[in-house]
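Structural description and commentary
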Amino acid sequence: MAVKVYRDAWGVPHLRADGANELAYAQGRNAAADRAWQIEVERHRSQGTTASFLGAEAVSWDRFARRVRLDDTARRCMDALEHEDPGTAAWVRSYVDGVNDGLAEGARRAPEFAAAELAPGRWRPWTPLGVWLSAHILFAGFPAKLWRDAVARRLGPGWVGVFATDGPGASGSNGWLVPADRTATGSAVLAGDPHRFIEAPGVYQQIRLACPEFDVVGLAVPGVPGIAHFGHTGHVAWAITNAMADYQDLYRERLRRTGPGGERVEALGPDGWRPAERRVETIEVAGGEPVTVEVIETERGPVIADGDEAAHWADPDSPAQAPYAPDVFGAVALRHPPRVSADLGFGVLPALLRARDVTDLDRALDGWVEPVNVVLAADTSGRTLHRTAGSVPVRHPDNRVRVVPAWEPRHAWRGRHGPMPRERVGGVAVMANQRGIAEPLGVEFAPPHRAGRIRELLAERTVWSARDMAAVHRDTLLASAAPLLDLLARTGPGELGPAARRLRQRLLDWDRRMDAGSAAASSFAAVRTATVRRLAEHPLLRPLADPPPAPEVFRPWLALVPRVGYALEHLLTTDRLPLADRTGAVRAAVEEVAAREAAAQGPPVRWGDTHRLAPWQALPADPGEPWPALAGDHDCVLATSSVPGVTDLSARASAARYVWDLARREDSAWVVPLGASGVPGDPHHRDQLPLWARCELVPVVTDWDRLTEEPAAPPVPSVPSAVSDRGEK
């Protein structure tokens, strides 16, 4: 079988093979060559074994991964795929064969393996499913229910909505579709960018997959076959954003130990006490002692917190909860669709590659499971699509808001929501995690600022081209600044000292753009931070200052200062806080920042001086490693999120940007934060970083004659491996 690998000027791999399974093999082998360290870290994350080479700091994730049974869920889903869709299962196996055949060579190129004293392992057929689960298990932000529960208990239910916003752990995105009658070519243009925690190497890989059945360019997730979220087949293009749907439930469990030594566990459910699964696993820790973790699963799902970690969510008012017998303890269990149905929707992935038009794409997306997305798509015949896709259970409304008691029958799941909401595309369509098409599926959504601003920008001209779209991507207007500036305007100049009066006027005259070179944007961010910290100390919010005990992985959702930072708009406008206190907090913040700026030496601080990229890396980064200054902020279209009140650094931003042109695919463009290669020292390791920081894009190359062919790799098996690894760990 002939497999050829080509590269464009940016090192983007273009893979060509004689069939879909051979191409999947080539994609897996390429992932091993270009991203060996990255995909091995992801494999270990899905298995809960990262502490074995990253040390004690990784134990919290490994404990969570073991408790929530990521690897076992992936295995269950793969077993079901083998029986129900053997064609897709063979395709996934081909990808895994490619990874395994290329991993040793890829690891030799990656210096991180030697630094971590890690040898490359072996991928199992279900590993790509585990990688997908690991990347998305926290995507819907189910720990926010722990926060809402704590707010309701400590402040009262009326406070929950005050903190409702696109919070610390959420992942957002922008996406927009300009229909054919608004473009220079007479064909639709689709553009956007997914917002995720930025990792080095990047979480999306630019790639082209071509065989006689299809020829697709898009953004792949390293470690997962196909192109799931953003792709262009030449006939139809698609893109997604997070629907902000609620499809994961937390159950308050009552457990008791039985049998010799308490080795068995029972859980109280609607039908009384029922056996729960229990096992004890060991987490190996580099440089430390092994850690044991008790893994328990009730009929609702895996237990993610128990004992002291779950004590806050016990319900003392429930007759079923009090009094506790000595052998009874509380817990919190997670229920989510892939664990319940043994389906991760992987059958959709090859169907997307084969889609010839919007109808094919729409039909394929009916099988999507997780995460739940809003989809925009268009094809070369002029048809468009705007729909949600994924699996959302039907259940009691309380399930979507708080931790609910496992023993009450009303909280059981009752099938799957359907049909999924959709809308006809009439004019420009925008998706930016706002309320709208997905509102029936969720509880908390992103503020409307990004969506509204994209619509404003697209209304500024009647005709658009693919090349014009970068101007939308780079917009830095911060509409969410209004509440703070409105309170500042209420503060009379006579209420402030001289330096604060000057700062007040400068902020009121500011154009509200978070440009990297703007000193006013930096001053606004400093005032915002000082305001957040003062509000977090308000007596009415003080009961939330000490987060309830919880597993470490959930702490970002339970920390007060970030929560105040992301909900600042609501807190500055709610009547639950006295107006005098809100205005006073802003006034004191302006005085503080003005005094600090007056005492500072040298030129004024600009926003980009403190607002810099801070990507996550599995191994400790070089403290002197330079990362670029960034424009934008959390609620800008150019979404480079800081955490107001905590840091100006940006760990979450555009994990890729893309523009799909339906008239001429070769006029499409894209960019990723770092580069096509995950190998330090490779010319394409970080060559796109300066362009990404400036919000520029590079062309999508589709002409094979403009590509450089790599030397032939060793022969590729013509038949996917049929060896079963199902019984191995």
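Cut-offs and rules
- As a convention, each chain's residues are numbered from 1 in the sequence order in which they are written.
- Owing to the predicted nature of the model, reporting of local features is limited to residues with pLDDT of at least 70; listing and counting of side-chain atom pairs is limited to 80 or more, with chain, interface and lining totals taken over all residues.
- Side-chain numbers here rest on the full set of heavy atoms in the structure, without hydrogens or water.
- Runs of H or I in DSSP of at least four residues are treated as helices and runs of E of at least two as strands, each being numbered from the N terminus.
- Multiplying one less than the number of residues by 1.5 Å gives the expected span of a helix.
- The bend reported for a residue corresponds to the angle between axes fitted to the seven residues ending at that residue and the seven starting there.
- Partly exposed residues are those whose accessible area sits between 20% and 50% of the maximum for their type, while under 20% is buried and over 50% is exposed, using a 1.4 Å probe and protein chains only.
- Two strands qualify as a pair provided that DSSP identifies no fewer than 2 bridges between them.
- All axes here are fitted lines through C-alpha atoms, helices being fitted over the stretch that makes contact, and every angle between N-to-C directions spans 0 to 180 degrees.
- Just so you know how the angles are binned, under 35 degrees is roughly parallel, over 145 roughly antiparallel, 65 to 115 roughly perpendicular, and the rest oblique.
- Helix crossings fall into two classes, left-handed where the near helix is turned counterclockwise from the far one by less than a right angle and right-handed where it is turned clockwise.
- Should any heavy atoms of two residues lie within 4.5 Å, those residues are considered in contact.
- Following the grouping adopted for this structure description, the nonpolar residues are Ala, Val, Leu, Ile, Met, Phe, Trp, Tyr, Cys and Pro, the charged ones are Asp, Glu, Lys and Arg, and the polar ones are all others, Gly among them.
- Points on a 1 Å grid, built from protein atoms alone, make a cavity when a 1.4 Å probe fits but cannot get out and make a pocket when they are open with protein on both sides within 12 Å along at least 5 of 7 lines; residues with an atom within 4 Å of a point are the lining residues.
- Grid points are joined across faces, edges and corners, and a volume is the space filled by probe spheres set on the points.
- You can read pLDDT as the predictor saying how much it trusts each residue, on a scale of 0 to 100.
- What counts as a salt bridge is simple: a side-chain nitrogen of Lys or Arg found within 4 Å of a carboxyl oxygen of Asp or Glu.

This brings us to helix α1 (residues 20-47). Its 28 residues give α1 an end-to-end C-alpha distance of only 28 Å, which falls more than 12% under 40 Å, the value for a rise of 1.5 Å per residue. A maximum bend of about 105° is found in α1 at R35. Remark: G48 follows α1 within two positions and exhibits a positive phi of approximately 75°.

With that settled, consider unusual backbone geometry. Note the cis peptide between A200 and P201, where omega equals 5°. P419 follows G418 through a cis peptide bond whose omega is -5°. Of note, P419 is situated in the loop between β17 (404-405) and β18 (429-431). Of note in the backbone geometry, E117 takes a positive phi value of approximately 55° without being a glycine. Following the sequence through the fold, E117 ends up in the loop between α6 (112-116) and α7 (127-136). Phi is positive for A342, close to 55°, though the residue is something other than glycine.

Burial of strand β9 (residues 249-258) is extensive: seven of the 10 residues sit out of reach of the surface. Bridge count between β9 and strand β14 (residues 328-335): eight bridges; the pairing is antiparallel. Bridge pairing links R256 to V328 in β14. By the bridge criterion, two bridges tie β9 to β17 in an arrangement that is parallel. Note that in β17 the partner of R252 across the bridge is P405. Inspection of the sheet shows β9 paired to strand β10 (residues 264-269) by four bridges, in the antiparallel sense.

With that settled, the discussion passes to the packing of helix α16 (residues 519-536) against helix α20 (residues 579-599). Across the interface, α16 lies against α20 with an axial gap of 8 Å and an inter-helix angle of 130°. Taken together, the axis directions place α16 and α20 in an arrangement best described as oblique. Regarding α16 and α20, the two cross each other, and that crossing is right-handed. Along the contact surface, α16 presents S523, A526, V527, A530, T531, R534 and L535, while α20 presents A585, V586, A588, A589, V590, E592, V593, R596 and E597. Of the residues belonging to the contact of α16 with α20, the class tally is 10 nonpolar, two polar and four charged.

This part takes up empty space enclosed by the protein. Enumeration over the complete set of coordinates arrives at seven cavities of 30 Å³ or more. The computed volume of the second largest cavity comes to approximately 60 Å³. Along the walls of the second largest cavity sit W37, Q38, V41, E42, E199, A200, P201, W616 and A618, which together make up its complete lining. By residue class, the composition of the lining of the second largest cavity is six nonpolar, one polar and two charged.

As a further point, take the confidence of the model for the chain. Fine structural detail should not be taken from predicted coordinates in areas where pLDDT scores are low. On average, residues of the chain score 93 in pLDDT, and 95% of them reach the 70 mark or higher. Predicted confidence is poor over residues 718-729, with pLDDT under 50, and the contacts of this stretch with residues over four places away or in other chains come to 25 contacts.

So, on to the pattern of salt bridges. Taken as a whole and judged by the stated rule, the model has 54 salt bridges. Between E408 and R410 there is a salt bridge whose closest N-O contact spans 2.9 Å. Look at E408 and you get partly exposed, because its relative accessible area is 24%. Owing to a relative accessible area of 44%, R410 belongs among the partly exposed residues under this scheme. Salt bridges sharing common partners tie together R69, D72, R76, E277, E297 and R339.

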